[in-house]
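An overview of the molecular structure
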Amino acid sequence: MIRLLIIGTLEGELGQAARIAAARGARLAQAEGVAAALARLRGEGADLVLCELAHDIGWLVAQMAEERIACPVIACGRNADASAAVRAIRAGAKEFLPLPPEAELIAAMLQAVSGEAEGPICRDPLMAALLERARQLATSSANLLITGESGTGKEVLARFIHNESRRARGPFVALNCAALPETLLESELFGHEKGAFSGAVASRKGKFEQADGGTLLLDEIGEMDPRLQAKLLRVIQEREVDRLGGTAPVKVDVRLLAATNRDLGTEVRAGRFREDLFFRLNVVTLRIPPLRERPGDILALAEHFARRFAAANGLPRRGLSPEAEALLLAHPWPGNVRELENTLHRAVLLAGGPSIGAEAIELTPLASAVAPAPPAPAAPQAPAAAPARGVSALVGRKMEEVERDLILETLTHCLGNRTRAAEILGISIRTLRNKLHEYRAQGVQVPTGHPALLPAGASSADG
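Residues numbered from 1 in each chain as written. Predicted model: local features only at pLDDT ≥ 70, side-chain atom pairs only at ≥ 80, totals over all residues. Heavy atoms only, no water.

To continue, consider the pairing of strand E4 (residues 73-78). Counting buried positions over the 6 residues of E4 gives 5, a clear majority of the element. In terms of strand pairing, strand E3 (residues 48-52) meets E4 through 4 bridges, oriented parallel. Each residue of the ladder has a partner; that of Val49, found in E4, is Val73. Following the chain from E3 across helix H3 (residues 57-66) to the adjacent parallel E4, one finds a crossover that is right-handed. (Buried < 20%, exposed > 50% of the residue type's maximum accessible area, 1.4 Å probe, protein only. Helix = DSSP H or I, 4+ residues; strand = E, 2+ residues; numbered from the N terminus. Pairing = 2+ DSSP bridges. Right-handed = clockwise from strand over helix to strand, strands pointing away.)

Okay, here's the thing in structure tokens:
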């Protein structure tokens, strides 16, 4: 259930948009102005904000950025207000929603925020068995650990579990533990009081309090600092949180789901993850198989992404040609569902005929990482030095310049998808984020992702 905050009156056309969103399953909250909206965002939080053009969207976006409130803001107004819409976008609004509203546009907007609104796409027996097990566990209150390679759809499965649970009418809140440094992550998780640290201009509920009565997903849990692991363990045991700067604990009722692409057992043995926390989280483990282990899902997912991106880009729906299907089925998909999604997005944009042909399918050159290439025939010894020619082109350049070009080229190749780029580069998302901030400070242009490829609540300018 998407938490939608409306800024403005619920009478007239904005109210009509709110009613359409509510009919699509959104949970509504309303504020008369941006100051009241900011107070709500500090408290209950939201997944999406619709704000009338008459309000100071620039001030709201600036305050949200200062207080690290990550939530997309969409400006709403009549098409005749073109100049005001442009100013709102320049001030930080993610999109412009023309009024009177169109039901299809609002449905697409809510789906973009919630991810896979219709639930996991599944035709392969292996994935069907996993979903049946997840459905069985959803009705319990046990903490669950979701594991799997990056890009397999761990958050999609977590949302599915929430929607199948008794907490489905409560909030679903997700937090990526790798996306924030330790000091900010602590505030995001547990909240803070006014003045608790520099920049804490008002009290704010953390993700645990925002998820009260619902489900909290902690993604990339293996990236969490050991000190915060100890604090998280206490919250699980005592069912209460201590806000930074607070004087009394706050009771919370939250079902906790954790996700990771790491082997937490190995992390425990290496001393990087607390054993007691591991057993608290790992009541039951759900492992999502990589896409190469569930080939029955490939074409179903491809067709789904083709429909989605055609609608998002105002293009006609096209089916996949037999040649295109054969290419997709033969690829090992080292980047899993996320790689397939990016591939179909490119294909939808590149296709020119009545169907998506093989010429529009641009596959990433990573197949050798999963499926070894056949051995090369014997060759004279002299050509063996050929690879050195590529390396010799780097001689004379500074190491940091080579690293920068590699990072930016990889990011461009991934259509601005930072998570996928970090996987290819073999670095953490946090390291990549810091590098990109450093490059921007140097005046270097950093590739940004297409809005349809960004996670809910993220900005294309996010590091």
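Next up on the list: the packing of helix H17 (residues 399-413) against helix H19 (residues 429-441). Closest axis-to-axis distance for the H17/H19 pair is 11 Å, and the angle between their directions is 110°. Comparing the axis directions of H17 and H19 gives the class roughly perpendicular. From H17, Glu403, Arg404, Ile407, Leu408 and Leu411 reach across to H19, where they touch Leu432, Lys435, Leu436 and Tyr439. For the contact of H17 with H19, the residue count by class is 6 nonpolar, no polar and 3 charged. (Axes fitted to C-alpha atoms, helices over the stretch in contact; angles between N-to-C directions. Parallel < 35°, antiparallel > 145°, perpendicular 65-115°, else oblique. Contact = heavy atoms within 4.5 Å. Nonpolar A, V, L, I, M, F, W, Y, C, P; charged D, E, K, R; others polar.)

Taken together, 5 strands build an open sheet; the order of strands is E2-E1-E3-E4-E5 and the sheet is parallel. Two strands lie at the open edges of the sheet, namely strand E2 (27-31) and strand E5 (95-99), each paired on one side alone. The average angle at which neighbouring strand axes cross in this sheet is 25°, direction not considered. On top of the sheet, helix H1 (residues 12-23) reaches strand E1 (3-7), E2, E3, E4 and E5; it is set at about 175° to E1, its chief contact. Helix-sheet contacts for H3 involve E1, E3 and E4, and the interaxial angle to E4 is about 175°.

Looking now at the environment of Ser150. By secondary structure assignment, the location of Ser150 is in the loop between strand E6 (144-147) and helix H7 (154-164). In sequence terms Ser150 and Asn336 are 186 residues apart; their C-alpha atoms lie 7.3 Å from each other. Not counting chain neighbours up to four residues away, the residues in contact with Ser150 comprise Asn261, Gly335, Asn336, Arg338 and Glu423. Within the local environment of Ser150, its side chain forms a polar contact with the side chain of Asn261, the two groups lying 2.6 Å apart. (Polar contact = N/O pair within 3.5 Å; in protein donor to acceptor, adjacent residues only side chain to side chain.)

Read these as layout, nothing more, since geometry by itself doesn't imply function.
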